[in-house]
Amino acid sequence: MNDYIPKRPCVICGNTKKSRFYCEIDNLVYVKCECCSLTYVDQLANIKEIKKAHGGGNFKSIRRKLFGSIRKMRSLGGYKHFLNRAHKIFDFVKQRHLASDDQKTMLDIGCNKGFLLKVAIEENFNVFGVELVPEVIRPFCNTYPKFKDQIFSEKFQTVSNRFEDKYFDIITAIDVVEHFEDPLSDLKSIRRLLKDDGVFIVQTPNIECENSKKLGCNWKALKPLEHMHLFSENNFITFGKMAGFSKITTYKPFEEAAGNFVAVLYP
Ligand SMILES: [Zn+2]
C-alpha cells in the first residue's frame, strides 16, 4: 500500500506530508505520521457504526436495557475490581491536586460505569460525568440519584458548552482521548473548563509501547471504529501544549497491562 495517499492531515503536524499507510482493519485505514508518530484513522466511519461499537454491540446493549433500569452498582459484575481501580486512580488524582476544605468539582469524561465518580462522591466532590451509552451508567444513577442530572449521554463537545469557563478543579479522561474524533477541539474545551489551579488527567494507549512495536497491525488497541488517534508520550506533550496547557508530565499506566501511558496536564 505504498501508493496510498492520506486524505486527513495529522492533527499535530497539520499536514499529510509525512503520513503513511499503516494498516487496514475493517475496511478502515490507519495512517502513521512519520514526523510525530501519531497514528490515526484516515477517514472516520459514520456515526451510526461508531455509536454501535461504543455500545459493545447489540447483545450487550439489549441486556443492559433489560436490567439497567433497576440495577444498583453493588450488583455489577467485577464490582470489587472496578472499585479498587477507581481508588487507585483517585489517589493518583488527589496527589496531583492541592487539597483544601472547600468542595471540589470533578468531570469524568467517558465515565463508563461511574466508579471513579463514586469514589469522588465519597470524598465529598461534586461530580459530573459524560457517558455516551446511557444503559452503562444507569446503575450509578440508581445508586446516586442526586447526581443523575449531572450525567450526560451526549458528545463531550455538546456537554462542554453547558459549562462556564474554569468550572472544574479536576477533569479525568481514562481511556477516552483515543476515542475523540476532533481531539484538538476537545482538549481546548477541557483547558477552558479547568480552573487555573486545576488538573486534567488522561490515560491512553501508547503507539510506541512494546506491544505496538512487537505486534504492529495486530496490536489490540488498533480498533478503527473506536480508537481514532493513537498517541505517544512525546507527541501528546506537544499536542497538550497546542491545546493551551502549560505543563504536561507523563507516568506509567494505572493498569499493569502494558500499552497505555498516563499524562497530567496543567493549565
Ligand atoms: Zn504528525
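Anything mentioned here points back to the structure above.
Numbers given for residues are sequential positions, taken from 1 along each chain in its written order. It should be noted that, the model being predicted, local features are given only for residues of pLDDT at least 70 and side-chain atom pairs only at 80 or more, the latter also being counted only at that level, while totals for whole chains, interfaces and linings use all residues. The side-chain figures draw on all heavy atoms in the structure; neither hydrogens nor water molecules are used.

## Here's the deal with the overall build of the protein chain
Reasoning step 1: Scanning the protein chain from terminus to terminus reveals nine helices and 11 strands.
Reasoning step 2: Over its C-alpha atoms the protein chain spans a radius of gyration of 18 Å, differing by no more than 12% from the 18 Å that the globule rule assigns to 267 residues.
Reasoning step 3: The buried label applies to any residue whose accessible area, calculated with a 1.4 Å probe on protein chains only, is under 20% of its type's maximum; exposed applies above 50%, and partly exposed to all values in between. Within the protein chain, the fraction of its 267 residues that count as buried is 51%.
Reasoning step 4: Residues are treated as being in contact if the distance between any of their heavy atoms lies within 4.5 Å. Sequence-distant contacts, at least 24 apart, represent 65% of the contacts inside the protein chain between residues at least 6 apart.
Reasoning step 5: Per-residue and other accessible areas were derived by the Shrake-Rupley procedure at a 1.4 Å probe size, with only the shown protein chains allowed to occlude residues. As presented, the protein chain carries roughly 13300 Å² of accessible surface, and 50% of it is formed by carbon and sulfur atoms.
Reasoning step 6: A residue counts as positive if it is Lys or Arg and as negative if it is Asp or Glu; His and the chain ends are not included. Here the site of a charge means atom NZ of a Lys, CZ of an Arg, CG of an Asp or CD of a Glu. Positive and negative side-chain charges of the protein chain, numbering 41 and 32 respectively, have mean locations separated by a distance of 3 Å. For the purposes of this entry, the term helix denotes a DSSP run of H or I that reaches at least four residues, the term strand denotes a run of E that reaches at least two, and both are numbered from the N terminus. Only C-alpha atoms enter the radius of gyration, while the globule expectation follows 2.2 Å times N to the 0.38, with N the number of residues.

## Focus: the coordination of the zinc ion
Reasoning step 1: Here a donor is an N, O or S atom found within 2.8 Å of the metal, or within 3.2 Å if the metal is Na, K or Ca; sites may look incomplete because water is not among the atoms. For the zinc ion, the full set of protein donor atoms is Cys10 (SG), Cys13 (SG), Cys33 (SG) and Cys36 (SG), and the range of their distances to it is 2.3 Å.
Reasoning step 2: Key to geometry: four donors with every angle between 85 and 135 degrees are tetrahedral; four donors are square planar and six octahedral where opposite donors lie over 155 degrees apart and all remaining angles lie between 65 and 115; all other sites are irregular. Geometry at the zinc ion is tetrahedral, judged from its four donor atoms and the angles of 99 to 116° they form at the metal.
Reasoning step 3: The sequence pattern formed by the donor residues of the zinc ion is C-x2-C-x19-C-x2-C. Of this pair, Cys10 sits in the segment before strand E1 (19-25) while Cys36 sits in the loop between strand E2 (28-33) and strand E3 (39-41), placing them 26 residues apart in sequence. Taken individually, Cys10 and Cys36 each receive the classification buried, so the pair is uniform in this respect.

## Re the packing of helix H7 (residues 183-193) against helix H9 (residues 233-242)
Reasoning step 1: Running from N to C, H7 and H9 point in directions that differ by 60°, and their axes come no closer than 9 Å. As summarised for this structure, H7 and H9 are arranged oblique, according to the angle between their axes. Along this stretch, H7 crosses H9, giving a crossing that reads as right-handed. Counted together, Pro183, Leu184, Leu187 and Lys188 of H7 and Phe236, Phe239, Gly240 and Met242 of H9 form the full contact between these two elements. Inter-axis angles, ranging from 0 to 180 degrees, are taken between N-to-C directions of lines fitted to C-alpha atoms, where helices are fitted over the stretch in contact. Here roughly perpendicular refers to angles of 65 to 115 degrees, roughly parallel to angles under 35, roughly antiparallel to angles over 145, and oblique to all remaining angles. The handedness criterion is simple: a crossing whose near helix is rotated anticlockwise from the far helix by less than a right angle is left-handed, and one whose near helix is rotated clockwise is right-handed.

## Some remarks on the pattern of salt bridges
Reasoning step 1: In what follows, salt bridge is the name for a side-chain nitrogen of Lys or Arg lying within 4 Å of a carboxyl oxygen of Asp or Glu. This structure, assessed with the given rule, holds 10 salt bridges.
Reasoning step 2: Residue Glu34 is joined to Arg20 by a salt bridge in which the shortest nitrogen-to-oxygen separation is 3.5 Å. Of this pair, Glu34 sits in the loop between E2 and E3 while Arg20 sits in strand E1, and the two are 14 residues apart along the sequence.
Reasoning step 3: For Glu34, a relative accessible area of 55% translates into the label exposed.

## Focus on the sheet that holds strand E5 (residues 126-130)
Reasoning step 1: The strand order across the open sheet formed by seven strands is E6-E5-E4-E7-E8-E11-E10, and the pairing between neighbours is mixed. Bordering the open sheet on either side are strand E6 (151-152) and strand E10 (247-251), each of which pairs with just one other strand.
Reasoning step 2: Note on pairing: two strands pair once DSSP finds at least 2 bridges between them. When strand E7 (residues 168-174) meets strand E8 (residues 194-205), the two strands line up parallel, connected through six bridges. Following the sheet pairing, Thr172 is matched in E8 by Ile201.
Reasoning step 3: Against the sheet, H7 makes contact with strand E4 (105-109), E7 and E8, and its axis sits at roughly 145° relative to E8, the strand it touches most.

## A few points about helix H3 (residues 79-95)
Reasoning step 1: One fewer than the residue count of a helix, multiplied by 1.5 Å, yields its expected span. In a regular helix each residue adds 1.5 Å, so 17 residues correspond to 24 Å; H3 covers 24 Å between its end C-alpha atoms and thus fits that length.
Reasoning step 2: For H3, every residue scored as buried is listed here: Tyr79, Leu83, Ala86, Ile89, Phe90, Phe92 and Val93.
Reasoning step 3: Buried residues along H3 sit against E4, helix H4 (115-122), E7, E8, E10 and strand E11 (260-266).

## Focus on the nonpolar core
Reasoning step 1: Among buried residues, the Ala, Val, Leu, Ile, Met, Phe, Trp, Tyr and Cys ones that are joined through side-chain atoms within 4.5 Å form a nonpolar core. Counting 40 residues, the largest nonpolar core has Ile109, Phe200 and Phe236 as its most contacted members.
Reasoning step 2: Setting aside residues up to four positions removed in sequence, Phe236 forms contacts with Val177, Leu187, Val202, Phe231, Phe261, Ala263 and Leu265.
Reasoning step 3: Membership of the second largest hydrophobic core comes to 33 residues, among which are Leu76, Phe90, Ile121 and Ile151.

## What about the sheet that holds strand E9 (residues 229-230)?
Reasoning step 1: Pairing within the open sheet is antiparallel, and its four strands lie in the order E1-E2-E3-E9. Of all the strands in the sheet, just E1 and E9 have a single pairing partner and so form its edges.
Reasoning step 2: Both E2 and E3 contribute to a ladder of three bridges, which runs antiparallel. Residue pairing in the sheet places Lys32 in a bridge with Thr39 of E3.

## What to know about the packing of aromatic side chains
Reasoning step 1: Two rings from Phe, Tyr or Trp (for Trp, the six-membered ring) form a pair when their centres sit within 6.5 Å of each other. Planes less than 30 degrees apart are called stacked, planes more than 60 degrees apart edge-to-face, and all others tilted. If you walk through the whole model with that rule in mind, you get 20 aromatic pairs.
Reasoning step 2: Centre to centre, the rings of Phe236 and Phe261 are 6.0 Å apart; their planes meet at 65°, and the pair counts as edge-to-face. Taken together, the residues Phe236 in helix H9 and Phe261 in strand E11 connect sequence positions 25 residues apart.
Reasoning step 3: What makes Phe236 buried here is its relative accessible area of 0%.
Reasoning step 4: Among the aromatic residues, ring-to-ring pairing joins Phe128, Phe152, Phe163, Tyr167 and Phe168 into one connected group.
Reasoning step 5: Positioned above the aromatic ring of Phe92 is the side chain of Arg96, whose terminal nitrogen or guanidinium carbon lies 3.9 Å from the ring centre.
Reasoning step 6: Note on criteria: charge over ring means Lys NZ or Arg CZ within 6 Å of the ring centre, with the direction from the centre no more than 35 degrees off the ring normal. Over the face of the ring belonging to Tyr251 we find Arg96, whose NZ or CZ atom lies 4.6 Å from the ring centre.

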